[in-house]
Protein chains: 2
Amino acid sequence: MEPINLKKLASLLHLSISTVSKALRDSHEISADTKRRVMELARELNYEPNPYAGSLRKYKSKTIAVVLPDIINNFFIFAIKGIQEAAYSSGYHVLIYITNENPDYEKEVVRQLTNGRVDGLVISLTSPIDDTEHIKALREKGLPIVFFDRITKDFDNTIITTNNYESAYKGTTYLIRQGCKRIAHCQVSDRISIGIDRLNGYKKALEDAGIVPDHDWILTSRKDPAYDAQLIEKALTRKDAPDGLFTSVETHALITYDICRKHGIDIPGKLKLLSFSNLPTAHLMKPSLSTITQPAYEMGRAAVSQLITALEKPARFQPETIQMDSVLMERESTAR
Amino acid sequence: MEPINLKKLASLLHLSISTVSKALRDSHEISADTKRRVMELARELNYEPNPYAGSLRKYKSKTIAVVLPDIINNFFIFAIKGIQEAAYSSGYHVLIYITNENPDYEKEVVRQLTNGRVDGLVISLTSPIDDTEHIKALREKGLPIVFFDRITKDFDNTIITTNNYESAYKGTTYLIRQGCKRIAHCQVSDRISIGIDRLNGYKKALEDAGIVPDHDWILTSRKDPAYDAQLIEKALTRKDAPDGLFTSVETHALITYDICRKHGIDIPGKLKLLSFSNLPTAHLMKPSLSTITQPAYEMGRAAVSQLITALEKPARFQPETIQMDSVLMERESTAR
DNA sequence: GTGAAAGCGCTAACAG
DNA sequence: CTGTTAGCGCTTTCAC
């Protein structure tokens, strides 16, 4: 019940607090015998240093924050797994914050991190790329930040991302090759990095194929499931409905399955469907879902690895942009 | 770059540190005018108190830990969502630890929480129910703990769980009603709470139906995907293979889909499959998966809500066992 | 209504 | 090799 601290250990051993402190950290100033006595008692009493006392002195908390827009999304889940594993194996603790796609919430969270709670931050932005004042404030405090997937280039920071433009180009081209003439694209947002890059890849692919995109083909999510469902439903049920749909997050693909069932739209007969997704069940669905899959786990690990280098070897550290490749998995939902 | 702290604010305002501190916390000792001046400057400079300094004084970190066995499991994902939301809305921060089903890792994590890092803990046990010394050590420090899903009754603590015994009984009975004669059960472990409860429900249902279970019907996971896959594959491909399989975690159901495809075993024709699962794609699979679904999100919220009551109103708090109900969703994988 | 001072547990500079 | 001391940022008596 009563806390075990250095004072307690010191008094039990008839030593001073600082001697005990040094002994525990295996200082060369301390005799082997004293070290042994101290270590033994510490183990016996299950001494664990109070992390906050150390933080206060050293301005290091051995804690990092992860701020993500969403968690019901396998991309972020695998990322969390990678982040957590990499952090813990380097002795870091992970504070997790989910913004639920709400920029105000993100701002509040980020503001709270300004005073020593964490040593660094891995963030996948919820806020639009032109609304990053809150990040700037953190940056100015000198806090290392790694941007992850939904990024901004406003700061000289490490960025972990995938080849969104190329993947979207490749995906769209693939849909064209599979015979689609009217390909719609459902984007996460027109104001976040991945939304913009993917849209551009999509547009370029159409252009290169000599297809002039209809305005109605571009569906912009409001990150509100009900609204998004309606948006997609309208698009798929109007005259001149698209014969191909390329969605940017897996939720939208799932919504599309439901809509197609409701309206008897055959996939891939009437509509070919391709989605960015890390769904472990993609190959088990009816029809199986063709995906562009990002290396989420590896990205998570890389993000933390970069962050920890920035924290522990600041001299040797250079911010860089790491771009990994997604893979296109062709399955039934896009079959000819 | 330079940190904003009370000292800084005090010197800028020509006030003492303690006055500033009190003003910020709206103490009645301070004049309205002073409060206003202090608040204004604090806001302007984006002052955020150093959380660790406060922790050190008050023995409160406004942080809780969540320790879970796995994250690639929709049950835990929805739980995290509930936990995170409930915690944050009460001003708590959430440290997340994933043990990857490794008891040693759990022990290490739990030991690290012994000295003030967190105010309380929500844990879904990885360790067997008869191996909880590490939890006991925490408990003895007076740290409030909420057990979640994979529980132990060794301590007088709050428990959030579902009606595992009844659900397994109901699920098994349902499979019998659907015509299964030889129902296998794949359990997570024979030494954790949900494994035991679910197995007992399964056994009782067989017994009540006058079915004598074959020893080979009970498959015990080792939490090693390769081993588990082999275990299930062997069971499903031997002579006298079961005609019904009831799995305790969604991963095993997914493995079963793969195995059945590989061996041309028709679901539900040759094998009816039912699983505990929170898969959002259960209804979209081929065949759609019949599930027993736990209220994961609500359980997460409830866990945190109980924990925070224990932390903030210890006098009024009584540990209790909250048992929620799972629902059986009948889909194609168990059709007659 | 405001300020001085002690102290939370720890580290680190400095004595001895 | 061991101990004394100051101080990280904050809260909390206790003086004034």
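Structural notes, computed from the coordinates.

How each quantity is defined
Residues numbered from 1 in each chain as written. Chains lettered and ligands numbered in written order. Predicted model: local features only at pLDDT ≥ 70, side-chain atom pairs only at ≥ 80, totals over all residues. Heavy atoms only, no water. Pairing = 2+ DSSP bridges. Helix = DSSP H or I, 4+ residues; strand = E, 2+ residues; numbered from the N terminus. Axes fitted to C-alpha atoms, helices over the stretch in contact; angles between N-to-C directions. Contact = heavy atoms within 4.5 Å. Salt bridge = Lys/Arg side-chain N within 4 Å of Asp/Glu carboxyl O. Buried < 20%, exposed > 50% of the residue type's maximum accessible area, 1.4 Å probe, protein only. Core = buried A, V, L, I, M, F, W, Y, C linked by side-chain atoms within 4.5 Å. Parallel < 35°, antiparallel > 145°, perpendicular 65-115°, else oblique. Left-handed = near helix turned anticlockwise from the far one by under 90°. Disulfide = S-S within 2.5 Å. Near = heavy atom within 4 Å. Polar contact = N/O pair within 3.5 Å; in protein donor to acceptor, adjacent residues only side chain to side chain. Nonpolar A, V, L, I, M, F, W, Y, C, P; charged D, E, K, R; others polar. Least-squares fit on C-alpha atoms with pLDDT ≥ 70 in both. Patch = residues over 30% accessible without salt bridge, like charges linked within 9 Å, V, L, I, M, F, W, Y side chains within 5 Å. Areas by Shrake-Rupley, 256 points an atom, 1.4 Å probe, with all protein chains shown as cover. Lys, Arg positive; Asp, Glu negative; His and termini not counted. Charge placed at Lys NZ, Arg CZ, Asp CG, Glu CD.

Re the sheet that holds strand β10 (residues 290-293) of chain B
Residues and elements named next belong to chain B.
So, step 1. The strand order β7-β6-β8-β9-β10-β12 describes an open sheet built from six strands, whose pairing is mixed. The sheet is open, and its two borders are formed by β7 (218-220) and β12 (327-329), each paired with just one other strand. Averaged over neighbouring strand pairs, the angle between their axes works out to 15° when direction is ignored.
So, step 2. Relative to β10, strand β9 (residues 272-276) is paired through three bridges, and the arrangement is parallel. Note that in β10 the partner of L274 across the bridge is S290.
So, step 3. Contacting β6 (183-187), β8 (244-247), β9, β10 and β12, helix α8 (residues 164-177) crosses the sheet at an angle of about 170° to β9.
So, step 4. With respect to the sheet, helix α11 (residues 250-263) is in contact with β6, β8 and β9, its orientation differing from that of β9 by roughly 155°.

A short note on the pattern of salt bridges
All names here are of chain A.
So, step 1. Applying the stated criterion across every chain, the model contains 28 salt bridges over all chains.
So, step 2. Here R150 makes a salt bridge to E101, at a shortest N to O gap of 3.3 Å. Separated by 49 residues along the polypeptide, R150 in the loop between β4 (145-148) and β5 (158-162) and E101 in the loop between β2 (93-98) and α6 (103-112) bring together distant segments of the chain. Per residue, the accessibility class of R150 equals that of E101, and both read buried.
So, step 3. A single network of salt bridges, built from pairs that share partners, joins D33, R36 and E40.

Remarks on the nonpolar core
So, step 1. By size, the foremost hydrophobic cluster in this structure holds 75 residues, and its most contacted members are I232(A), L245(A), F246(A), I232(B), L245(B) and F246(B).
So, step 2. Counting residues in hydrophobic clusters, the runner-up holds 60 residues, among them A86(A), V94(A), I71(B) and I322(B).

Remarks on the packing of α8(B) against helix α9 (residues 193-208) of chain B
What describes two packed helices is the angle between their axes and the distance between those same axes.
Residues and elements named next belong to chain B.
So, step 1. Running from N to C, α8 and α9 point in directions that differ by 40°, and their axes come no closer than 7 Å. In terms of orientation, α8 lies oblique with respect to α9. The two elements α8 and α9 meet at a crossing, and its hand is right-handed. Every residue of α9 that contacts α8 at N164, Y165, A168, Y169, T172, T173 and I176 is listed here: I194, D197, R198, N200, G201, Y202, K204, A205, L206 and D208.

Some points on the state of the cysteines
Residue and element names in this part refer to chain A.
So, step 1. One pass over the full model with this rule turns up zero disulfides over all chains.
So, step 2. Of the cysteine sulfurs around C180, a residue in no disulfide, the closest is that of C260, at 12 Å.
So, step 3. C186 takes part in no disulfide bond, and the closest cysteine sulfur to it belongs to C260, at a distance of 13 Å.

Some points on the protein's contact with DNA strand C
So, step 1. Near DNA strand C there are 25 residues, and of these L6(A), Y47(A), K22(B), R57(B) and Y59(B) occur at the shortest range.
So, step 2. Counting only the atoms of DNA strand C that lie within 4 Å of the protein, the sugar and phosphate share comes to 58%.
So, step 3. In the model, a phosphate oxygen of DNA strand C is placed 2.9 Å from a nitrogen or oxygen of the S16(B) main chain.
So, step 4. Within the side chain of R57(B), a nitrogen or oxygen atom sits 2.9 Å from a base nitrogen of DNA strand C.
So, step 5. Contributing elements (two or more residues each) for the surface near DNA strand C: α2 (17-24) and α4 (51-58) of chain A together with α2 (17-24) and α4 (51-58) of chain B.
So, step 6. Tallying contributions element by element places α2(A) first for the surface near DNA strand C, with four residues.
So, step 7. Its residues assigned to classes, the surface near DNA strand C comprises nine nonpolar, ten polar and six charged.

Points about the relation of the copies chain A and chain B
So, step 1. The operation relating chain A to chain B is a screw motion whose rotation component is 180°, with 0.0 Å of axial translation and a residual RMSD of 0.1 Å. Within this description, the copies of the chain are treated as partners about a two-fold rotation axis.
So, step 2. When the interface residues of chain A are mapped onto chain B, 98% of them are again interface residues, pointing to one common binding face.

Details of a positive patch on the surface
So, step 1. A contiguous patch of positive charge on the surface is contributed by R261(A), K286(A), R261(B) and K286(B).
So, step 2. Along the chain, K286(A) falls in the loop between β9 (272-276) and β10 (290-293).
So, step 3. Judged by relative accessible area, K286(A) falls into the partly exposed class, the value being 40%.

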